[in-house]
Number of protein chains: 4
Amino acid sequence: MTELAAVKAALRTQAVETPSWAYGNSGTRFKVFAQQGVPRTPREKLADAAKVHEFTGAAPTVALHIPWDRVDDYAALAGYAEDHGVRLGTINSNTFQDDDYRLGSVCHPEAAVRRKAVDHLLECVDIMDATGSRDLKLWFADGTNYPGQDDIRARQDRLAQALAQVYARLGDGQRMLLEYKLFEPAFYTTDVPDWGTAYAHCLKLGPQAQVVVDTGHHAPGTNIEFIVATLLREGRLGAFDFNSRFYADDDLMVGAADPFQLFRIMYEVVRGGGFTADVAFMLDQCHNIEAKIPAIIRSVMNVQEATAKALLVDRGALAAAQAAGDVLEANAVLMDAYNTDVRPLLAEVREESGLDPDPLGAYRRSGWAEKIVADRVGGLQAGWGA
Amino acid sequence: MTELAAVKAALRTQAVETPSWAYGNSGTRFKVFAQQGVPRTPREKLADAAKVHEFTGAAPTVALHIPWDRVDDYAALAGYAEDHGVRLGTINSNTFQDDDYRLGSVCHPEAAVRRKAVDHLLECVDIMDATGSRDLKLWFADGTNYPGQDDIRARQDRLAQALAQVYARLGDGQRMLLEYKLFEPAFYTTDVPDWGTAYAHCLKLGPQAQVVVDTGHHAPGTNIEFIVATLLREGRLGAFDFNSRFYADDDLMVGAADPFQLFRIMYEVVRGGGFTADVAFMLDQCHNIEAKIPAIIRSVMNVQEATAKALLVDRGALAAAQAAGDVLEANAVLMDAYNTDVRPLLAEVREESGLDPDPLGAYRRSGWAEKIVADRVGGLQAGWGA
Amino acid sequence: MTELAAVKAALRTQAVETPSWAYGNSGTRFKVFAQQGVPRTPREKLADAAKVHEFTGAAPTVALHIPWDRVDDYAALAGYAEDHGVRLGTINSNTFQDDDYRLGSVCHPEAAVRRKAVDHLLECVDIMDATGSRDLKLWFADGTNYPGQDDIRARQDRLAQALAQVYARLGDGQRMLLEYKLFEPAFYTTDVPDWGTAYAHCLKLGPQAQVVVDTGHHAPGTNIEFIVATLLREGRLGAFDFNSRFYADDDLMVGAADPFQLFRIMYEVVRGGGFTADVAFMLDQCHNIEAKIPAIIRSVMNVQEATAKALLVDRGALAAAQAAGDVLEANAVLMDAYNTDVRPLLAEVREESGLDPDPLGAYRRSGWAEKIVADRVGGLQAGWGA
Amino acid sequence: MTELAAVKAALRTQAVETPSWAYGNSGTRFKVFAQQGVPRTPREKLADAAKVHEFTGAAPTVALHIPWDRVDDYAALAGYAEDHGVRLGTINSNTFQDDDYRLGSVCHPEAAVRRKAVDHLLECVDIMDATGSRDLKLWFADGTNYPGQDDIRARQDRLAQALAQVYARLGDGQRMLLEYKLFEPAFYTTDVPDWGTAYAHCLKLGPQAQVVVDTGHHAPGTNIEFIVATLLREGRLGAFDFNSRFYADDDLMVGAADPFQLFRIMYEVVRGGGFTADVAFMLDQCHNIEAKIPAIIRSVMNVQEATAKALLVDRGALAAAQAAGDVLEANAVLMDAYNTDVRPLLAEVREESGLDPDPLGAYRRSGWAEKIVADRVGGLQAGWGA
């Protein structure tokens with residue numbers, strides 16, 4: 001058994017960034033079900049995020065999405081966040097919700113549309129300067145729906161050119177995180193469909209360009225932990241967008257669909273040095289039918305549980321069994337950690353940090369859910385189409 | 001070679017129903033891109049559908065979707081359609097866009113919600129009586145997003161009960177078409193996820209209950225033509241919802257992603273007697289980024305081309321090769337038909353029917369596209385969220 | 001919490017049938033790696049299986065595969081098994097390893113080959129009479145590799161005819177278990193590819209025909225527990241072939257790839273009354289690179305652990321949360337059971353039954369592995385192609 | 001329309017390498033069905049391959065597989081080939097069929113096994129020197145079956161080290177082609193599972209290291225033509241292993257499962273300059289149930305037909321429609337080429353080259369099939385496990 005104190009210490013340092021948009025309404029193409037008490041402003045989102053951090057102690061930063069979280073004064077927004085005990089985190093761009101982007105943004109056949117998209121990305125870096133954010137996260141909905149619709153290779157050239165312009169604008173200590181996704185909203189080609197494409201672009205850009213692994217963005221059967229191990233080995237794993245999926249990019253709570261997979265991913269993070277290095281853990285989820293704040297608390301806890309199990313792997317015993325070629329024993333060492341019930345350990349960690357051992361119970365007892373339902377009446381609720 | 005005259009005769013009889021909603025705006029959860037000239041009313045949708053039939057001669061009926069196409073006077077709507085050269089077709093229900101349906105409709109844990117959903121379905125049968133429609137097409141978005149969320153089996157019991165109530169209301173000559181779908185919008189369980197489930201329910205209901213095969217609703221790797229052959233053998237193939245997909249339920253133009261698969265499906269229809277029997281051919285597509293009317297014309301033509309190839313299969317030679325166990329020759333007979341360029345044949349069939357041999361060109365030259373852009377200004381465009 | 005005594009009592013009754021072929025050599029199309037000490041005869045397989053039962057107390061029966069386990073005197077073989085503490089179980093047919101079966105067996109285009117296949121199946125029923133086996137498990141490799149190769153529908157007719165002949169031969173208390181599989185070894189069509197096809201055939205045959213769910217035989221993304229719930233609701237779930245997979249029919253140890261899925265399956269079994277009814281739990285695995293007997297012991301334990309967790313679900317709390325539409329709480333109730341470490345409970349159950357709490361350790365200490373390596377020298381090891 | 005003479009000229013230059021092992025017996029893990037007349041020696045394989053070239057004029061080289069095609073005198077073998085009108089081509093290594101490779105070859109935890117594997121690869125380069133082959137094709141079956149079995153990252157280190165040793169041994173003008181594969185025979189991790197991994201290794205090795213795209217080695221839903229376009233853009237597409245699949249690595253005849261996909265791939269090759277550059281077109285197929293030589297002739301023809309259609313794409317019209325953002329017209333330009341029946345064009349090309357316009361018919365009439373059945377009696381037929 002790895003020394004327990006070290007495990008606890010590691011768990012105490014873990015931070016999971018929550019996304020502002022997960023507090024707003026979301027849905028499928030068929031329907032967005034509105035929920036009561038949903039935030040109407042960036043500040044209300046931050047207030048909700050602060051509650052997640054208050055009860056988990058593990059969600060100290062909040063990712064913003066531009067333009068959904070556009071405000072006049074980002075310094076004031078940052079101050080508001082800090083007053084509530086959290087900080088502003090990653091800036092996420094949006095180049096998919098303007099009518100101009102029907103055929104793409106940075107890969108669009110028309111130069112004017114590409115220029116508009118790049119301008120938006122540069123604006124995001126301006127916002128990073130104002131908020132003090134380290135990371136710019138880029139996800140492009142760019143792609144095509146029909147064979148022949150556009151030239152696959154020319155689109156790569158346009159993409160490379162746009163990324164280079166934005167990369168050149170990054171300040172010291174700022175990073176560009178490039179996300180890949182198999183499909184959706186494009187249904188034939190996607191311009192950054194897999195880790196290889198994102199990696200190839202990052203290589204050319206430079207060391208401040210890193211790959212984001214969204215756990216819901218792969219083809220069926222893809223071994224995600226292999227990608228994690230490979231990107232860590234290459235020094236190119238910048239961040240995770242955590243969520244879970246049974247089919248496509250379902251954006252369910254992380255750990256809800258395949259907790260064993262999440263554990264295996266976290267084990268590769270730990271083993272590859274990603275737990276202490278600059279790998280950002282972020283959630284990117286949609287709580288379409290369940291209550292949003294408790295779903296996010298639960299998600300943070302799920303990441304913690306998977307991490308605790310990963311930290312508990314007896315790496316000496318594992319290495320010995322692997323070296324001996326003992327397939328069953330090596331597997332057993334890993335499963336022994338996975339099968340451990342780490343909830344008591346995490347309760348202890350929380351109590352030692354002055355937190356309630358039961359974050360969900362504490363949230364429920366806090367009355368926040370009732371308060372926001374009562375307070376947030378009128379106005380336009382935040383949502384994806386805001 | 002099958003006698004060409006018979007092939008032409010068969011092609012002349014083929015009818016593909018177009019769905020009213022395909023003429024309106026649609027999109028993904030990320031964005032609906034509005035297009036100019038899109039209809040604002042059921043009548044404007046019918047007018048567009050009439051153009052598709054005018055130029056293809058193969059789209060004589062239009063499926064309605066309730067409530068999107070709800071009107072006060074269905075007889076008047078039917079008259080309007082007939083004045084434009086088309087007829088009202090299948091009635092499609094909608095039990096997924098009301099806030100009450102967050103956790104399901106006919107499978108919802110609360111009896112009141114189930115009652116509301118069943119009432120809607122019964123209303124649809126009333127509308128069928130008014131429109132003279134033969135078919136009620138049922139697709140349920142019901143399902144769950146998380147393990148444990150609801151009881152899988154109890155939901156089946158509720159589903160069976162609701163279907164029985166609606167089936168009992170059907171008049172002579174009316175049919176219930178039950179559609180299955182692997183996932184979306186539900187992400188963990190779907191209450192009618194596969195043909196087996198739809199078939200089992202139809203069996204218990206009676207002969208007027210039939211299964212709908214939507215070509216985009218299967219797991220990766222599913223052999224759709226096998227399902228078609230099996231349902232025809234069981235006498236339970238009621239209809240197709242045609243579209244195409246690369247990944248999930250992409251709802252692209254039929255024949256755009258895998259034209260060989262469409263040919264194989266049509267071959268099983270022909271071989272299984274489905275071409276002359278009561279199998280309804282319908283489109284169910286979303287034209288998110290392409291012009292809608294020409295996309296629908298193209299889709300009808302794609303179905304015709306696949307059908308023509310299927311009709312051209314030399315079934316005598318195929319049967320002989322199959323009986324002889326000659327794998328390569330049997331495959332070659334099928335491929336010979338598939339590799340034939342049937343566009344000249346279809347051009348002939350059109351000309352012999354007094355149509356332009358080039359439906360897309362004829363549509364473009366007709367000026368309809370320009371006219372609707374000029375005329376349909378102001379008002380609310382039709383769309384999924386109508 | 002469900003009353004613990006009842007859970008323990010249920011666990012004590014659980015029986016997992018192990019397959020004789022899992023004790024022999026197996027591999028992929030690329031290579032079969034031989035292992036030392038592998039059985040050379042049916043009796044040696046039974047001796048190994050008896051060890052699994054000796055240390056788990058949960059594997060009292062052994063499935064045979066004909067012709068791999070063909071002997072002159074089945075009564076003697078049964079006696080040998082009983083002398084070693086186990087019994088003969090399900091009879092598995094083989095209609096895929098004779099050169100005549102290149103294009104299929106019961107679905108072959110030639111009547112003579114179909115006759116040969118049916119004769120083999122009838123022989124298997126004869127063997128059941130001799131061994132006292134209840135179940136005949138039928139898996140057909142039948143299918144086609146190329147479009148057009150054979151007539152999909154005619155093959156269904158041939159299949160139905162063969163099944164009817166075998167069904168008619170079943171004695172009272174004997175069952176036919178029909179297994180489905182998406183693909184492999186056939187690569188275009190498979191004649192029983194999904195549960196719907198198996199179910200449709202069983203319905204026509206009669207109540208002694210039941211469906212087998214092999215957990216590795218589905219398309220990516222298939223919700224297996226839904227199928228389990230549905231088949232139980234229809235009274236047609238006859239048996240499981242347990243194993244696990246990441247990609248295709250990988251035949252890894254059950255519970256090794258997705259233990260949460262196994263738990264969800266076992267929950268549906270418990271919830272649907274399948275734990276006490278006539279649902280046979282069987283392993284169908286290949287231990288290509290790992291030691292075979294300990295892999296089978298581990299597999300039995302994995303099934304027990306998933307079952308224990310399923311039995312621990314607080315069904316009252318779950319039903320209450322489901323009825324209230326509380327998505328997160330309902331999910332939490334299920335996860336609470338899953339996250340429980342049930343290994344101490346199973347250790348207790350074993351000790352209370354006079355077993356070693358650690359079956360794998362006890363097996364290792366027993367010296368059996370060393371003994372069979374020393375003893376089983378010379379002769380032909382058992383394997384799939386035997 | 002691209003000028004027809006240029007299209008014909010391009011088609012006349014196309015060469016498809018056939019693999020020696022496709023002439024031998026193959027099968028699945030369930031059964032290898034032996035066929036009459038199958039070669040027993042490398043020379044007999046070459047004689048069969050020469051027939052494919054004789055009738056297609058498009059298969060001038062033959063890939064060897066070591067050790068299956070190991071001979072004492074490679075110069076003599078090369079002379080034999082040339083006497084029959086073909087040349088020796090790519091050398092394929094085999095590090096998966098020795099008992100030592102149970103847990104891997106170049107990634108094995110034991111240094112001695114890795115050394116043995118590297119020695120084999122170096123031997124293959126020696127053979128290349130003797131045969132004058134340009135390309136060494138490396139496919140590794142390396143991987144793991146169970147989580148924890150071995151260290152994912154350490155295996156990458158071992159792989160990199162082995163590849164570097166072999167790369168250093170390459171002579172001028174020799175290339176290393178690295179193949180990736182999603183899974184099989186390994187079922188949990190594969191050490192080179194995707195193009196990104198192969199690409200990352202090739203980048204580090206140098207310009208003589210290139211990626212091989214086997215069309216059957218991807219996850220469901222992967223857009224292969226995107227990978228082709230990307231690798232060509234990166235200058236790292238070394239070769240194709242053509243075949244087709246419906247499910248996994250089915251190794252069916254290329255073009256048999258999704259001819260439209262093959263066309264899209266060939267279009268990207270043409271568009272990306274791969275048709276004239278150093279991209280090798282090779283078959284890698286298994287003819288388990290169909291006659292081998294005609295299946296290979298058919299496969300070569302299928303590649304030619306897809307290529308002809310790709311060459312016929314009106315690239316000027318396509319570029320114009322793409323630039324205009326006309327989704328339907330751009331798709332229509334591509335489909336127009338695909339829907340063309342190119343068989344008459346290819347018949348012309350053949351006749352102009354002095355070949356029979358119908359290669360399959362000519363082969364059948366040649367009597368070769370009957371001759372080899374009569375001649376090749378006795379001896380051990382070639383096969384995968386040879």
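See above for the structure.
Overview of the structure. The structure displayed is predicted, hence computed values, not measured ones.

So, about the interface of chain B and chain C. Chain B puts 53 residues into the contact, and the matching count from chain C is 54 residues. Together chain B and chain C conceal approximately 4,400 Å² of surface at their shared face, both sides included; 57% is due to carbon and sulfur atoms. When residues of chain B are sorted by the area they lose upon contact with chain C, Arg 153, Phe 226 and Arg 233 of chain B head the list and together hold 18% of the total. Across the chain B-chain C interface, the total number found is 6 salt bridges. Between Arg 233 of chain C and Asp 157 of chain B there is a salt bridge, with its nearest N and O atoms 2.6 Å apart. Counting across the interface, chain B meets chain C through 22 residue pairs in polar contact (both at pLDDT 80 or more). Looking at the side of chain B that touches chain C, the elements that each hand over two or more residues are helix H5 (152–169), strand S7 (189–190), helix H6 (195–205), helix H7 (224–234), helix H8 (259–271), helix H10 (315–323) and helix H11 (327–338) of chain B. Counting residues per element, the side of chain B that touches chain C draws most heavily on H6 of chain B, which supplies 8 residues. For the side of chain B that touches chain C, a count of residues per class yields 25 nonpolar, 15 polar and 13 charged.

Relative to the helices and strands, Val 300 of chain A is located in helix H9 (residues 292–312). Not counting chain neighbours up to four residues away, the residues in contact with Val 300 of chain A comprise Val 16, Thr 18, Val 52, Thr 56, Ala 58, Ala 59 and Leu 283 of chain A.

The side chains of a regular strand alternate between the sheet's two faces. All names here are of chain D. Burial along strand S4 (residues 135–138) is two-sided: Asp 135 and Lys 137 and Leu 136 and Leu 138, pointing in opposite directions, are all buried. In terms of strand pairing, strand S3 (residues 87–92) meets S4 through 2 bridges, oriented parallel. For Ile 91, the partnering residue across the bridge sits in S4 and is Leu 136. In the classification by handedness, the crossover that spans S3, the intervening helix H4 (residues 111–131) and the parallel S4 is right-handed. Looking at chain direction, S4 and strand S6 (residues 175–179) are connected through 4 bridges and run parallel. For Leu 138, the partnering residue across the bridge sits in S6 and is Leu 178.

Moving on, we come to the relation of the copies chain B and chain C. Of the two same-sequence chains, chain B is brought onto chain C (RMSD 0.0 Å, axial shift 0.0 Å) by a rotation of 180°. Taken together, these values place the two copies in the relation of a two-fold axis. Distance from the rotation axis, computed per C-alpha, reaches its smallest value in chain B at Gly 196 of chain B: 2.0 Å. Mapped onto chain C, 100% of the interface residues of chain B again fall at the interface, so both copies present the same surface.

In this section: the interface of chain A and chain D. Contact residues are listed per partner, giving 53 residues for chain A and 54 residues for chain D. For the chain A face of the interface with chain D, the top three residues by lost area are Arg 153, Phe 226 and Arg 233 of chain A, together amounting to 18%. Viewed at the interface, chain D and chain A are joined by 6 salt bridges. Across the contact surface, chain A and chain D share 23 residue pairs in polar contact (both at pLDDT 80 or more). Every element with two or more residues in the side of chain A that touches chain D is listed here: helix H5 (152–169), strand S7 (189–190), helix H6 (195–205), helix H7 (224–234), helix H8 (259–271), helix H10 (315–323) and helix H11 (327–338) of chain A. Counting residues per element, the side of chain A that touches chain D draws most heavily on H6 of chain A, at 8 residues. Each residue belonging to the side of chain A that touches chain D can be placed in one class, and the counts come to 25 nonpolar, 15 polar and 13 charged.

Once that is clear, we can look at the relation of the copies chain A and chain D. For the pair chain A and chain D, the superposition axis carries a translation of 0.0 Å, the fit reaches an RMSD of 0.0 Å, and the rotation angle comes to 180°. Both copies present the same face, since 100% of the interface residues in chain A are matched by interface residues at the equivalent positions in chain D.

Take H4 of chain D next. Residues lying three or four places apart along an α-helix face the same way, a consequence of the helix completing one turn every 3.6 residues. Residues and elements named next belong to chain D. The end-to-end C-alpha separation of H4 is 30 Å, in line with the 30 Å expected for 21 residues at 1.5 Å each. Burial in H4 covers these residues: Val 113, Arg 114, Ala 117, Val 118, His 120, Leu 121, Cys 124, Val 125, Ile 127, Met 128 and Thr 131. Down the axis of H4, the sector holding all buried residues measures 160°, keeping them to one side. Turned more than 90 degrees away from the buried face of H4 sit Ala 111 and Ala 112, all of them exposed.

Conventions used here
- Residues numbered from 1 in each chain as written.
- Chains lettered and ligands numbered in written order.
- Predicted model: local features only at pLDDT ≥ 70, side-chain atom pairs only at ≥ 80, totals over all residues.
- Heavy atoms only, no water.
- Contact = heavy atoms within 4.5 Å.
- Buried area = accessible area lost by both parts, 1.4 Å probe.
- Salt bridge = Lys/Arg side-chain N within 4 Å of Asp/Glu carboxyl O.
- Polar contact = N/O pair within 3.5 Å; in protein donor to acceptor, adjacent residues only side chain to side chain.
- Helix = DSSP H or I, 4+ residues; strand = E, 2+ residues; numbered from the N terminus.
- Nonpolar A, V, L, I, M, F, W, Y, C, P; charged D, E, K, R; others polar.
- Buried < 20%, exposed > 50% of the residue type's maximum accessible area, 1.4 Å probe, protein only.
- Pairing = 2+ DSSP bridges.
- Right-handed = clockwise from strand over helix to strand, strands pointing away.
- Least-squares fit on C-alpha atoms with pLDDT ≥ 70 in both.
- Expected span 1.5 Å × (residues − 1).
- Arc of directions from axis to C-beta.

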